[in-house]
Amino acid sequence: MKYWKKRTAREIQERIELALSQNRSFYDQPILGLPASHLDSRIFPRESPILTGAPFLQTLINNPNHIGCHTVTQSEETFAGTHDIERELLRMIACDIFKADEEEFDGYVASGGTEANIQAVWIYREFFRREYGAELQEIGLFTSVDTHYSISKASNLLNIPLYKIDVDEKNRQMAENTIEEALEKAKSEGIRYVIFIGNMMTTMFGSVDPIEPIVRALKASNLEYKLHYDCAYGGFYYPFANPNTQIDFSNPELNSLTIDAHKMVQAPYGTGIFLIRKGFMHYTHNKDASYVQGEDYTLVGSRSGANAIAVWMILSTYGKYGWTEKTFILTRRTDWLCEQLEDMDIEYFRQAYSNIVTIHEKYITPELAKKYYVVPDNHHQAKWYKLIIMDHVDLEQLEPFLKDLKELNFNP
Ligand SMILES: *Cc1c(COP(=O)(O)O)cnc(C)c1O
């Protein structure tokens, strides 16, 4: 752990005030040529008392634009101060959670996991076209049936076919031979280049795809491939709950990943994070963005600098050990929930260490689901309902649910 330090509220405030002072200010300094300003002062006055000691809100009203990718180039120097904080944030995550070497990664704070996933697929599509002269119909996008729907958006937008690989109903994993068969079948259909998406905690089941069987199957296929992991949900949870996970940049096969701060980290929406090894962002370099200093490499365009500040503040407040402790509490609560379900002989799925518990629909009525807002896999025909043990889902919240569940199943 080199970069992720715990900081006091005062240190955090001083660091952000410094960053804001290094930005050019719409309030006090000439900025004559940007289609931007501070937030509207009639609605968001600069002197409002709620801004005192609130560096996130101060950044929000100052309204720095983080357009571009600041790990690749120096972007708009007007906002260089807060761009530095975004770079610090990415370094904490890439190096101290995902074991990247310093300066060996690029990335940015995207609008969400959806964008970060699409960015990855976009980069690899362009990589295969440029480096291998690949045709669109020769590039296949492969992932498990449990994968988030953002991957099917990527397939549709980028016009490359999607191959969904079945999982075992019991452990929600793709068997190695099932992956091999899917690759062989695609090969016979003319696929020569593979973009593979693994998962670190799927949205519905919290399941994690082990990296080794995927890599072995990819190698056995003799196809060219790139491997991205979708850690949108699990990236800020699983590496802490299971420190033995092999899914990080110390594995040379992993090329990029998505990690959302607006889920487990409780940051504001607009904080999906994209990380990739050096040497790939230029495949989506847009030189038409010539009026933007540093040009653009990202899908989104303009984005709020306050988002990066929010995530940086949260992680800095906890520090890595504080964060580990937080996930430990959620893991223990989930253990407790599972023990209660076992006492009632109610079957459930839980990936080891995960804080998602999925219960078969035969134990749950739509009324019960509605009362506690447990979420079905399909709102038209539910097969599974999930509970996610977030910060606010404590034992006090779980107990009445368990009581009703017991009543429903044992005193019908
Ligand atoms: C939530 C989620 C996404 C999409 O993230 P958004 O931030 O909602 O765009 C992608 N993948 C997984 C696994 C997710 O849980």
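Residues numbered from 1 in each chain as written. Predicted model: local features only at pLDDT ≥ 70, side-chain atom pairs only at ≥ 80, totals over all residues. Heavy atoms only, no water.

Caption draft 1: Layout of the packing of helix α4 (residues 113-132) against helix α5 (residues 150-158). Between α4 and α5, the shortest axis-to-axis distance is 9 Å and the interhelical angle comes to 40°. With respect to each other, α4 and α5 are oriented oblique. Classified by chirality, the crossing of α5 by α4 is right-handed. Counted together, Thr114, Asn117, Ile118, Val121, Trp122 and Arg125 of α4 and Ser150, Ile151, Lys153, Ala154, Leu157 and Leu158 of α5 form the full contact between these two elements. (Axes fitted to C-alpha atoms, helices over the stretch in contact; angles between N-to-C directions. Helix = DSSP H or I, 4+ residues; strand = E, 2+ residues; numbered from the N terminus. Parallel < 35°, antiparallel > 145°, perpendicular 65-115°, else oblique. Left-handed = near helix turned anticlockwise from the far one by under 90°. Contact = heavy atoms within 4.5 Å.)

Caption draft 2: Region of interest: the packing of aromatic side chains. Across all of its chains, the model carries 18 aromatic pairs by this definition. With a centroid separation of 5.9 Å and an interplanar angle of 85°, the aromatic rings of Trp4 and Phe240 are classed as edge-to-face. Of the two residues, Trp4 sits in the segment before α1 (9-22) while Phe240 sits in helix α8 (residues 238-241), which places them 236 residues apart along the sequence. Each member of the pair Trp4 and Phe240 is classed as buried. (Phe/Tyr/Trp six-rings, centres within 6.5 Å; stacked < 30°, edge-to-face > 60°. Buried < 20%, exposed > 50% of the residue type's maximum accessible area, 1.4 Å probe, protein only.)

Caption draft 3: Structural view of the nonpolar core. Leu89, Ile93, Phe196, Tyr229 and Phe236 are the most contacted members of the largest nonpolar core, which has 92 residues in total. Of all the elements, helix α9 (residues 305-343) adds the most residues to this core, at 13 residues. When residues of this core are assigned to domains, at least three fall in each of domain 1 (77-317) and domain 2 (319-410). Contact partners of Phe236, with chain neighbours within four places excluded, come to Ile93, Ile97, Ile259, Asp260, Ala261, Met264, Val265, Leu315, Trp323 and Thr327. Grouped together as the second largest cluster of nonpolar side chains are 27 residues, Phe127, Phe128, Ala134 and Tyr297 included. (Core = buried A, V, L, I, M, F, W, Y, C linked by side-chain atoms within 4.5 Å. Domains from an automatic or database assignment.)

Caption draft 4: The arrangement of the side chain of Ser150 in detail. Topologically, Ser150 is positioned in helix α5. Ser150 gets classed as buried once you look at its relative accessible area, which sits at 0%. With sequence-adjacent residues up to four places away left out, Ser150 is seen in contact with Thr114, Asn117 and Ile118.

Caption draft 5: Examining the site of the ligand more closely. Near the ligand, the surroundings consist of 14 residues, among which Thr114, Asp230, Asp260, His262 and Lys263 are the closest. Thr114 has a polar side-chain atom sitting 2.6 Å from an oxygen atom of the ligand. Between the ligand and Asp260 there is a distance of 2.7 Å, counted from an oxygen atom to a side-chain nitrogen or oxygen. Look at the ligand: alone it shows 380 Å² of surface, and the protein chains cover 86% of it. Considering every element that reaches the shell around the ligand, the biggest residue donor is α4, with three residues. Its residues assigned to classes, the shell around the ligand comprises three nonpolar, eight polar and three charged. (Near = heavy atom within 4 Å. Polar contact = N/O pair within 3.5 Å; in protein donor to acceptor, adjacent residues only side chain to side chain. Areas by Shrake-Rupley, 256 points an atom, 1.4 Å probe, with all protein chains shown as cover. Nonpolar A, V, L, I, M, F, W, Y, C, P; charged D, E, K, R; others polar.)

Caption draft 6: Layout of the packing of α1 against α9. Look at α1 against α9: their axes get within 10 Å of each other, and the N-to-C directions meet at 150°. Comparing the axis directions of α1 and α9 gives the class roughly antiparallel. Here α1 runs over α9; the crossing is right-handed. The segment α1 lies against α9, with Ile12, Arg15 and Ile16 engaging Ile309, Trp312, Met313, Ser316 and Thr317. The class makeup of the residues in the contact of α1 with α9 is five nonpolar, two polar and one charged.

Caption draft 7: The domain arrangement of the protein, seen in detail. The domain architecture assigned to the protein consists of domain 1 (77-317) and domain 2 (319-410). Across the boundary between the two partners, domain 1 contributes 29 residues, which contact 26 residues of domain 2. The tally of links from domain 1 across to domain 2 stands at one salt bridge. On inspection of domain 1 and its partner domain 2, the count reaches ten residue pairs in polar contact (both at pLDDT 80 or more). Those elements that place two or more of their residues in the side of domain 1 that touches domain 2 are α8 and α9. (Salt bridge = Lys/Arg side-chain N within 4 Å of Asp/Glu carboxyl O.)

Caption draft 8: Here's a closer look at the sheet that holds strand β1 (residues 105-110). Across the sheet, which stays open at both edges, the seven strands sit in the order β1-β7-β6-β5-β4-β2-β3 with mixed pairing between neighbours. Of all the strands in the sheet, just β1 and β3 (162-165) have a single pairing partner and so form its edges. Taking each pair of neighbouring strands and ignoring which way they run, the sheet shows an average axis angle of 20°. Of the pairings in the sheet, the one linking strand β2 (residues 139-144) to strand β4 (residues 193-199) comprises five bridges and is parallel in character. What sits directly across from Thr143, in β4, is Ile197. Of the strands in this sheet, β1, β2, β4, β5 (224-230), β6 (254-260) and β7 (272-277) are in contact with α4, which crosses β5 at around 170°. (Pairing = 2+ DSSP bridges.)

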